[in-house]
Amino acid sequence: MLLHAGPVEFLYYWLHRLLHHHYLYNRYHSHHHSSIATEPITSVIHPFAEHIAYFTLFAIPLTTTLVTRTASIVSFAGYVTYIDLMNNMGHCNFEFIPKTLFSIFPPLKFIMYTPSFHSLHHTQFRTNYSLFMPLYDYIYDTVDKCSDTLYEASLRRQEDSPEVVHLMHLTTPESIYYLPFGFASLASKPYTCNWYLWFLCPVTILWSVIMSSIYGHTFISERNTFNTLKSQSWVVPRYRIQYLFQRQREAINGLIEEAIIEADKRGVKVLTLGLLNQGEELNRNGEIYLQKNTWLKIKVVDGSSLTVAVVLNSIPQGTTQVLLRGNLTKVAYAVAFALCQRGIQVATMSKHECEKLRQRVNISQSNLVVHPTTFVPKVWLVGDELGREEQMKAAKGTLFIPFSQFPPKKWRIDCVYYSTPAMIIPKAFENLHSCENWLPRRVMSAWRVAGILHALEGWNVHECGDQIFNVEKAWEASLRHGFSPYTITSS
């Protein structure tokens, strides 16, 4: 199918030259006419008529194979994948193609364009008409003189220095599709089982293997701004299941520690540990990194204070007793202590859990009891390891409120499930895609919000290990900065 690239590219070149003389097209690009590009500017919407023309143009090779009876599913898939990949690459709005690639194979300069090459098409109006193959621009002398200069300058650009970094990891192999370079429809919705993802399993597994093998260190998944605050999300290229294996812990800890040190070198003020990156068994909620690197200026935050605040404010008013179930964590201990101080009775499933809570947080015996047989609380605070058998013991209409990073599996259709601790972000927070797979767009986990608040408020303290910042202070700050609790329920 790539044999058709030359003729199609030739027609594309002349089509673009004609369209650039069209009145509406001139009007659309008039604000770029006199500007000089200093960095790639390719995320521009094309006129609708141009899309129709492109569709017709790119259909020529496919139609030709149908007419000549040489078409196949493989050729169609290969052609469409090539066109889509190249088109997205040219409009990705930043330069990432290494210069060594053109040094190894110089003719590649004429048969493959770069984002910076295409950005001049959008800013200089009468140059760089070609889409994928700059060859025709060189033949007809329409190459912009700034093409090489802009390309080299874009590669030398300084990396942004955020004030906050949120360190997360991949959850399932399908979670790669929720990243900005995945499917926009998935990144905008809560995590659901979409039927078409099953057909992508071979590609998903291959892509997952490639990503986890190529990226030997964390990579940036998105860049955000909140008024004047800059933040980034960094991803550890490991999956949730890998965190469960003892033999993987040393390597994962190495990746996390490397990310913290790199963030400190860049001048980042706060780094939050998301998902299993703050596991107590893995790194004692981040404490081991501070003990190993006492010189660090960056503040490491696990977000426990705000998470506790969100859980506490999710419990319905008038509640007198709750059942605490699931794997006991730092957040669970803090929530139990706060509830007992408020006079709300906390029940556990076993005497062992009751004694463990009492020893850890020094709670009075009257407010901490073993689950009664005569009365079943209608509010359950649940963490990881809450199985089907335990959920079946709940009374009809029970409210499940997670205090864990991951949501519990829903086995009951007659009960209500709250979201994991999360908050709706203010409108001023820009460029957020998807924080976790199970949260909708514009909703951020409480752990991540906590790091942003630490930077906004200038709280120059760590929150890791057994340390928990002021819960009330964190809650008040979140509301003051425009965050609001997200407690959408499902049954």
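The coordinates are above.
The structure displayed is predicted, hence computed values, not measured ones.

**Q** How would you explain the sheet that holds strand β12 (residues 422-424) if you had to name every residue and give the values?
**A** The antiparallel open sheet is built from three strands, whose spatial order is β14-β12-β15. The sheet is open, and its two edges are formed by β14 (443-445) and β15 (484-485), each paired on a single side.

**Q** Explain helix α21 (residues 471-480) to me, using residue names and the numbers behind them.
**A** Burial in α21 covers these residues: Ala474, Trp475, Ala477 and Ser478. The buried residues of α21 occupy one face: seen down the axis, they fall within an arc of 165 degrees. Taken together, the buried residues of α21 touch α16 (304-312), β12, α20 (446-457) and β15. Two or three places before glutamate 472, at the start of α21, stands the capping residue asparagine 470, its side-chain oxygen 3.1 Å from that residue's backbone nitrogen. Of the residues flanking the end of α21, it is glycine 482, one or two places downstream, whose phi is positive at about 95 degrees.

**Q** Could you give an account of the sheet that holds strand β7 (residues 345-348), naming the residues involved and the relevant values?
**A** Spatially, β8-β7-β6-β9-β10-β11 is the arrangement adopted by the six strands of the open sheet, whose pairing is parallel. Each edge of the open sheet is held by one strand with a lone partner, namely β8 (368-370) and β11 (416-417). Summarising the sheet, strand β10 (residues 399-402) and β11 pair through two bridges and their orientation is parallel. The residue of β11 that forms the bridge with leucine 399 is valine 416. The strands touched by helix α18 (residues 351-361) within the sheet are β6 (321-325), β7 and β8, with β8 carrying the most contacts at an inclination of about 165 degrees.

**Q** Which residues make up the packing of α16 against α20, and what are the values?
**A** Packed helices, taken two at a time, are described by the angle their axes make and the gap between the axes. Axis separation between α16 and α20 bottoms out at 7 Å; the angle between their running directions is 125 degrees. By the criterion of interaxial angle, the relationship of α16 to α20 is oblique. Two packed elements cross with a definite hand, and for α16 against α20 that hand is right-handed. Note on element contacts: α20 touches α16 through Ala446, Trp447, Val449, Ala450 and Leu453, opposite Leu306, Thr307 and Val310. In terms of residue class, the contact of α16 with α20 is made up of seven nonpolar, one polar and no charged.

Rules and cut-offs
- Residues numbered from 1 in each chain as written.
- Predicted model: local features only at pLDDT ≥ 70, side-chain atom pairs only at ≥ 80, totals over all residues.
- Heavy atoms only, no water.
- Pairing = 2+ DSSP bridges.
- Helix = DSSP H or I, 4+ residues; strand = E, 2+ residues; numbered from the N terminus.
- Buried < 20%, exposed > 50% of the residue type's maximum accessible area, 1.4 Å probe, protein only.
- Arc of directions from axis to C-beta.
- Contact = heavy atoms within 4.5 Å.
- Polar contact = N/O pair within 3.5 Å; in protein donor to acceptor, adjacent residues only side chain to side chain.
- Axes fitted to C-alpha atoms, helices over the stretch in contact; angles between N-to-C directions.
- Parallel < 35°, antiparallel > 145°, perpendicular 65-115°, else oblique.
- Left-handed = near helix turned anticlockwise from the far one by under 90°.
- Nonpolar A, V, L, I, M, F, W, Y, C, P; charged D, E, K, R; others polar.

The values are spatial; any link to function lies outside them.
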